[in-house]
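Coordinate inspection notes
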Amino acid sequence: WTREHVQEFWDDIVKDRPPDYFIGSMVVFKDGNQRFGVVDGQQRLTTITILLCVIRACFSELGAENLAKGLHSLIERADRDSVTRYVLMTETSYPYFQEEIQKFEKADFSTEAQREERRLQSAFDFFSKKVKGFIDSIDGDTLIVDGQKQDEKIKRLRIVRDSVLFLKIIRIELENEDDAYLIFETLNT
């Protein structure tokens, strides 16, 4: 997505905060027993994942480790074979997306950002600035007692998290990639 798309997404889910925000349909196909390929919705899923990673980092910075770990379990989790995997695996921006954005700990190795990776990093930086501004505005709020500001920041961060987690989608799941592309083309027509 471009910066305008990311800004519009932020405005829609945080500034406007409608209770039932619909982000469209996503077309997926089965790609193995525990995996799905995404035909339509990759950019939205990637943007959502980036924002969740920013929120997770902010929870951690605020000392709300349980909330950070809980959110991280939506980004990376063990499958039924107990193999830990990222929920969203990208091919074109691998390993940058996993190492520099999704990873909870420090990256294991450095990756060089190409054009696509710079866009991902730009979205991450944009959301970081917006989320931090959203919660840091509490510091200047004289109506909130100093001892309660930390709790209020965590409360606000939960609101942003929940706005993302309760987005509405229509998920169209197909058995194979050919059918998924056929449905995608039909929907776009």
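Below: a short report on this structure.

About the cut-offs
Residues numbered from 1 in each chain as written. Predicted model: local features only at pLDDT ≥ 70, side-chain atom pairs only at ≥ 80, totals over all residues. Heavy atoms only, no water. Helix = DSSP H or I, 4+ residues; strand = E, 2+ residues; numbered from the N terminus. Rg over C-alpha atoms; globule rule 2.2 N^0.38 Å. Buried < 20%, exposed > 50% of the residue type's maximum accessible area, 1.4 Å probe, protein only. Lys, Arg positive; Asp, Glu negative; His and termini not counted. Charge placed at Lys NZ, Arg CZ, Asp CG, Glu CD. Patch = residues over 30% accessible without salt bridge, like charges linked within 9 Å, V, L, I, M, F, W, Y side chains within 5 Å. Areas by Shrake-Rupley, 256 points an atom, 1.4 Å probe, with all protein chains shown as cover. Salt bridge = Lys/Arg side-chain N within 4 Å of Asp/Glu carboxyl O. Phe/Tyr/Trp six-rings, centres within 6.5 Å; stacked < 30°, edge-to-face > 60°. Pairing = 2+ DSSP bridges. Core = buried A, V, L, I, M, F, W, Y, C linked by side-chain atoms within 4.5 Å. Contact = heavy atoms within 4.5 Å. 1 Å grid on protein atoms, 1.4 Å probe; cavity = no way out; pocket = protein on both sides within 12 Å on 5 of 7 lines; lining within 4 Å. Points joined across faces, edges and corners; volume = space filled by probe spheres on them. Nonpolar A, V, L, I, M, F, W, Y, C, P; charged D, E, K, R; others polar.

Another aspect to go through is the overall build of the protein chain. Secondary structure summary: the protein chain contains seven helices and five strands in total. Walking the protein chain from its N terminus toward its C terminus, one meets helices and strands in the order α-β-β-α-α-β-β-α-α-α-β-α. In summary, the protein chain has a C-alpha radius of gyration of 18 Å against a globular reference of 16 Å for 189 residues, a match within 12%. Overall size of the protein chain, expressed as C-alpha extent along the three principal axes, is 60 × 40 × 35 Å. Taking all 189 residues of the protein chain together, 41% fall into the buried category. Of the charged side chains in the protein chain, 27 are positive and 35 negative; the average position of the first set lies 4 Å away from that of the second.

As a further point, take a nonpolar patch on the surface. A contiguous nonpolar patch, built from L74, L165 and F166 and spanning about 270 Å² of accessible area, is present on the exposed surface. Summarising the element assignment, L165 is placed in helix α6 (residues 149-165).

Within the structure shown, the criterion is met by four aromatic pairs. Here W10 and F127 contribute two aromatic rings whose centre-to-centre distance is 6.3 Å and whose plane-to-plane angle is 45 degrees, an arrangement assigned as tilted. Here F127 lies in helix α5 (residues 115-136) and W10 lies in helix α1 (residues 3-16), a separation of 117 residues in the sequence. A single burial state applies to W10 and to F127, both of which are buried. Overall, W10 belongs to the buried group, its relative accessible area being 4%.

Direction of pairing for strand β1 (residues 22-30) relative to strand β2 (residues 36-40): antiparallel, over a ladder of four bridges. Paired with F29 across the two strands is G37, which belongs to β2. Hairpin connection from β1 to β2: five residues lie between these consecutive antiparallel strands, with G32 at a positive phi of about 115 degrees.

By size, the foremost hydrophobic cluster in this structure holds 39 residues, and its most contacted members are L51, F59 and F127. Only α1, β1, α2 (42-61), α3 (65-72), α4 (96-102), α5 and α6 provide two or more residues apiece to this core. With nine residues, the top contributor of residues to this core is α2. The residues contacting L51, other than those within four sequence positions of it, are F9, W10, I13, F127, V131 and V164. In terms of nonpolar packing, the next biggest core, distinct from the first, is built from six residues, V27, F29, A180 and F184 among them.

Our focus in this paragraph is the layout of surface pockets. Computed from the structure, the largest pocket encloses a volume of approximately 2000 Å³. Along its surface, the largest pocket is lined by 49 residues, and V38, L45, V87, L88 and M89 are the ones closest to its centre. No other element matches the nine residues that α2 contributes to the lining of the largest pocket. Partitioned by chemical class, the residues of the lining of the largest pocket number 27 nonpolar, 10 polar and 12 charged. Here the second largest pocket is characterised by a volume of approximately 150 Å³. Forming the boundary of the second largest pocket are R56, A57, E99, E100, I101, K103, F104, E105, K106, A107 and F124. Listed by contribution, the elements that provide at least two residues to the lining of the second largest pocket are α2 and α4.

So, on to the environment of F184. Structurally, F184 can be placed in helix α7 (residues 177-188). In sequence terms F184 and A107 are 77 residues apart; their C-alpha atoms lie 36 Å from each other. Excluding residues that lie within four positions of it along the chain, F184 makes contacts with V27, V39 and D40.

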